[in-house]
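Residues per chain are reported as follows:
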Amino acid sequence: MTVMNLKTVSAEQALDITRPVEDAVRASGVAEGLAVVYCPHTTAAVFVNEGADPDVAADVAAALARIAPREGPYRHAEGNSGAHIRSVLVGCSATIPIARGRLALGTWQKVFLAEFDGPRSRQVFVQVVG
Amino acid sequence: MTVMNLKTVSAEQALDITRPVEDAVRASGVAEGLAVVYCPHTTAAVFVNEGADPDVAADVAAALARIAPREGPYRHAEGNSGAHIRSVLVGCSATIPIARGRLALGTWQKVFLAEFDGPRSRQVFVQVVG
Amino acid sequence: MTVMNLKTVSAEQALDITRPVEDAVRASGVAEGLAVVYCPHTTAAVFVNEGADPDVAADVAAALARIAPREGPYRHAEGNSGAHIRSVLVGCSATIPIARGRLALGTWQKVFLAEFDGPRSRQVFVQVVG
């Protein structure tokens, strides 16, 4: 399993991690299988979506903040329940097929770490099975 | 990896793809393992839910359109940010256990390709590991 | 594949199933691989999030009930469309890396079965590949 150490720089951020995930897949030597990109945090998430126009990730982040706002009728005292809820909605992992030794991403797809309660030091795990 | 070529016929659609996914699992010969159903697009998604009553998929589609509407305060100029957001919320893949050579779906579960920006030609990948 | 038989006790509940999932991973003998926790139901889901403060799971449940309410302009006649929609949003499975024979969960992460239409008898499947 590959462990990536990352830093986010703002409260909310979509960080493109496609390159290091591809590096981990290549290093595994697996030609046909699966890559799981896993975030071990509860106020962040992993998703796959468009990476060509950064406005898309900004629209996604803004929509998530409307769907599960920072301020709400929440019980949890740390003030970050909105971030936990967004993490559950988006999910803490992405599973991507590996074909011919590469991630089978679509033309416009990139892999993102979604930060909902930053800035923080974050980890992402990449596990590959063949 | 199996590549399925599909066509959606409307702007929003939940297309039942259970049968071809089951065919891909059978063709793989894997008795115990995982099937990943993966959509390489950024305005579509894959989900597992009830297939017996088509009203459920219609309710899901309508709810997603309320949660992430087509019209919004979006930056992305192509006019389909709502579709990107729904894709992130639902996710571009489903991972289903394989037991005794078959998808371990529940009684009411079917696998759907969710179209959010159709009609279009779409692909779905099925990768099986054992 | 391990089959867990569970009972939920209220209409909405987040049931911590981390312990039995860890038991299934240990029993598999797999040191490096993936565990898929899969719910074969269409009005429940599986997610990974904070387990230390039960207020977080309560906030998640309440937020999901606001995002996809029980009462809505729904077609499906059984009155549980809100539960189906929440199941699609959260997803019916979680995929977690296994490293050194254990689930690679983060410090605060626990695995939950989310009940949206209980109380009911529910099953959860755990499939492990290495």
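The notes below deal with the structure included here. Given the structure is predicted, the values throughout are model-derived calculations rather than measurements. (Residues numbered from 1 in each chain as written. Chains lettered and ligands numbered in written order. Predicted model: local features only at pLDDT ≥ 70, side-chain atom pairs only at ≥ 80, totals over all residues. Heavy atoms only, no water.)

**Observations regarding empty space enclosed by the protein**
To locate leftover empty space, one rolls a probe as large as a water molecule over the atoms. Scanning the model with the defined rule gives 4 cavities of 30 Å³ or more in all. Here the largest cavity defines a volume of roughly 560 Å³. For the largest cavity, the lining is made up of 39 residues, of which Val90 and Ser93 of chain A, Ser93 of chain B together with Val90 and Ser93 of chain C are closest to its centre. Here the residues of the lining of the largest cavity are counted per class, giving 27 nonpolar, 12 polar and no charged. Taken as a whole, the second largest cavity holds about 70 Å³ of empty space. Lining the second largest cavity we find Glu12, Gln13, Ala14, Phe47, Ala57, Val60, Ala61, Leu64, Arg86, Ala114, Glu115 and Phe116 of chain B. (1 Å grid on protein atoms, 1.4 Å probe; cavity = no way out; pocket = protein on both sides within 12 Å on 5 of 7 lines; lining within 4 Å. Points joined across faces, edges and corners; volume = space filled by probe spheres on them. Nonpolar A, V, L, I, M, F, W, Y, C, P; charged D, E, K, R; others polar.)

**Comments concerning the relation of the copies chain B and chain A**
Mapping chain B onto chain A calls for a rotation angle of 120° and an axial translation of 0.0 Å; the resulting RMSD is 0.0 Å. Here the symmetry operator amounts to a three-fold rotation axis. If distances are taken from each C-alpha of chain B to the rotation axis, the shortest is found for Leu89 of chain B, at 3.4 Å. Taken as a fraction of all interface residues of chain B, those also at the interface in chain A reach only 20%, which identifies the copy contact as different-surface. (Least-squares fit on C-alpha atoms with pLDDT ≥ 70 in both. Contact = heavy atoms within 4.5 Å.)

**Brief notes about the side chain of Gln109 of chain B**
Examined against the element boundaries, Gln109 of chain B turns out to sit in strand β7 (residues 109-115). Among the residues examined, Gln109 of chain B registers a relative accessible area of 2% and is labelled buried. Among the polar contacts listed, one links the side chain of Gln109 of chain B to the backbone oxygen of His41 of chain C, at a separation of 3.3 Å. For Gln109 of chain B, the residues in contact, after removing those within four places along its chain, are Val48 and Asn49 of chain B together with Tyr38, Cys39, Pro40, His41, Thr42 and Cys92 of chain C. (Helix = DSSP H or I, 4+ residues; strand = E, 2+ residues; numbered from the N terminus. Buried < 20%, exposed > 50% of the residue type's maximum accessible area, 1.4 Å probe, protein only. Polar contact = N/O pair within 3.5 Å; in protein donor to acceptor, adjacent residues only side chain to side chain.)

**So, unusual backbone geometry**
Residues and elements named next belong to chain B. With an omega of 0°, the peptide bond running from Gly118 to Pro119 counts as cis. Looking at the element boundaries, Pro119 is found in the loop between β7 and β8 (121-129). Phi is positive for Arg100, which is not a glycine, with a value near 50°. With respect to the helices and strands, Arg100 occurs in the loop between β5 (93-99) and β6 (102-103).

**Looking at the pattern of salt bridges**
Where side chains of opposite charge bring their charged atoms close, a pairing between them can arise. Inspection of every chain in the model, using the stated rule, returns 18 salt bridges over all chains. Of the charged contacts in the structure, one is a salt bridge between Asp117 of chain A and Arg120 of chain A, with a shortest N-O distance of 2.6 Å. According to the relative accessible area criterion, Asp117 of chain A is buried, its value standing at 13%. Among the residues examined, Arg120 of chain A registers a relative accessible area of 35% and is labelled partly exposed. Where Asp23 of chain C meets Arg26 of chain C, a salt bridge forms, and the shortest distance between an N and an O atom there is 2.8 Å. (Salt bridge = Lys/Arg side-chain N within 4 Å of Asp/Glu carboxyl O.)

**Side note on the interface of chain B and chain A**
Facing 25 residues of chain B, the contacting portion of chain A comprises 31 residues. Both sides of the chain B and chain A interface together cover about 2,300 Å² of buried area, and 63% of this is carbon and sulfur. At the junction of chain B and chain A, the tally comes to 0 salt bridges. Of all elements in the fold, only β3 (33-38), α3 (81-90), β5 and β8 of chain B reach the threshold of two or more residues within the side of chain B that touches chain A. (Buried area = accessible area lost by both parts, 1.4 Å probe.)

**Quick notes on the packing of aromatic side chains**
Residues and elements named next belong to chain B. Summed over all chains, the structure comprises 6 aromatic pairs over all chains. For the ring pair Tyr38 and Phe125, a centre distance of 6.3 Å and an interplane angle of 20° mean the geometry is stacked. Note that Tyr38 is positioned in strand β3 and Phe125 in strand β8, a separation of 87 residues in sequence. Here the two residues Tyr38 and Phe125 agree in accessibility, since each one is buried. (Phe/Tyr/Trp six-rings, centres within 6.5 Å; stacked < 30°, edge-to-face > 60°.)

The values are spatial; any link to function lies outside them.
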